[in-house]
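Listed below are the residues making up each chain.
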Amino acid sequence: MLASFASMPEGRWLNVDGIQTRYYDAGEGAPIVFIYGGNFGMKDSASTAHTWSCNLMPLAHRFRVVAFDKLGQGLTSNPKCDDDYTMQAVVDHAVAFIQALGLPPVHLVGHSRGGFVAARIALEHPSMVRTLTVVNSGTLSPGVGTNEVVLSNPPYPAGSREAARWVYENYCYSPAAVTDDWIDAVYETLQSPKYQESVRKMTIEGLAERVFLPQLARQKRETLQWIDEGRLQRPVQIFWGFNDRTAVLERGLELFRMVSRHQRAVQFHVINQSGHFPFREHPDQFNALLADFVAAHAGPGGKP
Amino acid sequence: MSAVQHQALPLEGTVTAVWYNRIARDAIVLIHGGQPGLLPYCSGAHIWGFSATRLMESAAVIMLELPGTGTTGFSADGLTLDGWKNHIRTVLQQLGTENVHLVAHDTAALPALLLAHDHPHMIRAVTVVSSVAATPTGDGVEKFVLAYPPTPLWSASSQRWALEQVSYAHHHVDDELVAACVRSSEAPAHARAVAHMADPARRLQWVSSISRAKSRLFQVCRESGIPVPVQVVWGTHDPLGTVDQAVWSYRILAQRQPLAQFHLINRAGALPFREEVEAFCRVLLAFDDVTAHRMRG
């Protein structure tokens, strides 16, 4: 069981089509739904909703903020079958979760692989989405990804706390941004039997190479094609940490060019001395820009 | 801009026009760009248009005019970027401000950044807006965007042409803006600036001052850095400068200043604060909040 983090709203559970889903919900007003990155079965890192601990409560003063553990990540149940170890299953679960909460059109914030999930929701279910915020998403961007160049084979035992810290320190501009509470949340997930099962499936059983990555590659091709065709028809803002070595600035600029060709309400923001996690590395700057964007694109009369 | 007040400050023999809704010590100070007597449209405080109105809804905003523009007087010494920097400093001192957020467009970004370096106690942040002057010259390609303005120069039709040339879309170039530009061109300071720049030696003095300021800025950024938070705001379709130039401007400024942001305003040219008022003001106010909070905190 994860420790209770003072900076997070109280955790809740929701059964989403048979998947026990952990989520955090606070505040009132226009709903912002946060989708973190990574995927199930990664052996040295494990994102959870706690990734947003610097953002939820500060923004809850003005908005309803919702963060949830994605399919097979954090405390949420693993996919029901091997064929569901796909990004599409993650997208479908996120859609079902938002629908189960009965939210009006939401402001989606997606980081890294979560940016891909958020963009797919905006493309597949535009009526569910009011705006889209993408943060350092190499998965959604065209060009060469460099995660593996930077993060492969940590110099510590696989799945250890030290390996996890090493991974996140290499993601970030400054190691000081990698706080103990963050690594606590990651390590507790890494140790859980449920998560270990997904690691076994993705690595030893080879679901990563057989199922997850090929399906993601097909879906990414389709997604970029859809964006190029102008199907992303919601206000978009793209954040980028200037010093991210895993998803370099040029990839963000290229994504911005693709989106902004078809859509007027698109912005691009770069934050200095930030790696892959600008919302954790500089939360005050990130929160100020996100709050203004959401407020500007709230519904008629400022209603959600 | 009904809430806007106007004041004419007598500064070292040069009357200087300032407009404001409220003079607060930590105000946002808008500084127009341009090249008096050279640029085929007359910039001035009027260039900020609805952005100024929008910003005044939630902040204390001061707009000042630089020597050789509008109703501000002319002084030959003032027509260099060093002169502009001294002018900005003197105006701020006279107004009694401290810790202001300078928002500088085009050429004015260079004196604003150097002023922040030389007098950081006076300035809490700088926003650089569409300033090709603050980007590397490199071995650039000649630009023809404003090469052949229709005559008579600085007439309403000529200035409308120039404003449309530097824009993404023409819609913001309304009669009110053109009339304000024409009023500025009819002021005595403009005629004197034109005569001043007609002298090749004096024109060279102005151009050289830009080169010197640019070199000094790059040295400062390389060695000690701009000591206050800085952001670069750029229109994606700026006919005068590419996004690549904008990113380089940001790279240079971000070298040694931790709090540095970069923002692209979509479907805007060289006057993004006119073409995308809401998007521009949101970015500006979010940065202003962060820097003001840090100053207090």
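The coordinates are above.
What counts, and at which threshold
Residues numbered from 1 in each chain as written. Chains lettered and ligands numbered in written order. Predicted model: local features only at pLDDT ≥ 70, side-chain atom pairs only at ≥ 80, totals over all residues. Heavy atoms only, no water. Phe/Tyr/Trp six-rings, centres within 6.5 Å; stacked < 30°, edge-to-face > 60°. Buried < 20%, exposed > 50% of the residue type's maximum accessible area, 1.4 Å probe, protein only. Lys NZ or Arg CZ within 6 Å of the ring centre and 35° of its normal. Salt bridge = Lys/Arg side-chain N within 4 Å of Asp/Glu carboxyl O. Helix = DSSP H or I, 4+ residues; strand = E, 2+ residues; numbered from the N terminus.

Some thoughts on the packing of aromatic side chains
In this description, an aromatic ring pair is defined by two values, namely the gap between the centres and the angle between the planes.
Here is step 1: All chains considered together, the criterion is met by 21 aromatic pairs over all chains.
Here is step 2: Measuring from centroid to centroid gives 5.8 Å for Phe273(B) and Phe280(B), while their planes differ by 65°, and the two rings are edge-to-face. Phe280(B) shares its class with Phe273(B); the two are buried.
Here is step 3: Over the ring of Trp226(A) we find Arg231(A); its NZ or CZ atom is 3.9 Å from the centre of that ring.
Here is step 4: Seen from the ring of Trp182(A), Arg280(A) lies directly overhead, with NZ or CZ sitting 4.5 Å from the centre.

Let's talk about the pattern of salt bridges
Side-chain pairing between opposite charges can occur once the charged atoms of the two side chains come close.
Here is step 1: This model, assessed by the stated rule, comprises 25 salt bridges over all chains.
Here is step 2: A salt bridge links Lys43(A) to Asp44(A); its shortest N-O distance comes to 4.0 Å.
Here is step 3: Given the relative accessible area of 43%, Lys43(A) is considered partly exposed.
Here is step 4: Between Arg274(B) and Asp174(B) there is a salt bridge, and its shortest N-O distance comes to 4.0 Å. Pair noted here: Arg274(B) is in helix H9 (residues 272-275) and Asp174(B) is in the loop between helix H4 (156-165) and helix H5 (175-186), with a separation of 100 residues, a long-range link.
Here is step 5: Overall, Arg274(B) belongs to the buried group, its relative accessible area being 13%.
Here is step 6: Judged by relative accessible area, Asp174(B) falls into the partly exposed class, the value being 27%.
Here is step 7: Linked through salt bridges whose partners overlap, the residues forming this network are Asp82(A), Glu197(A), Arg200(A), Lys201(A) and Glu205(A).

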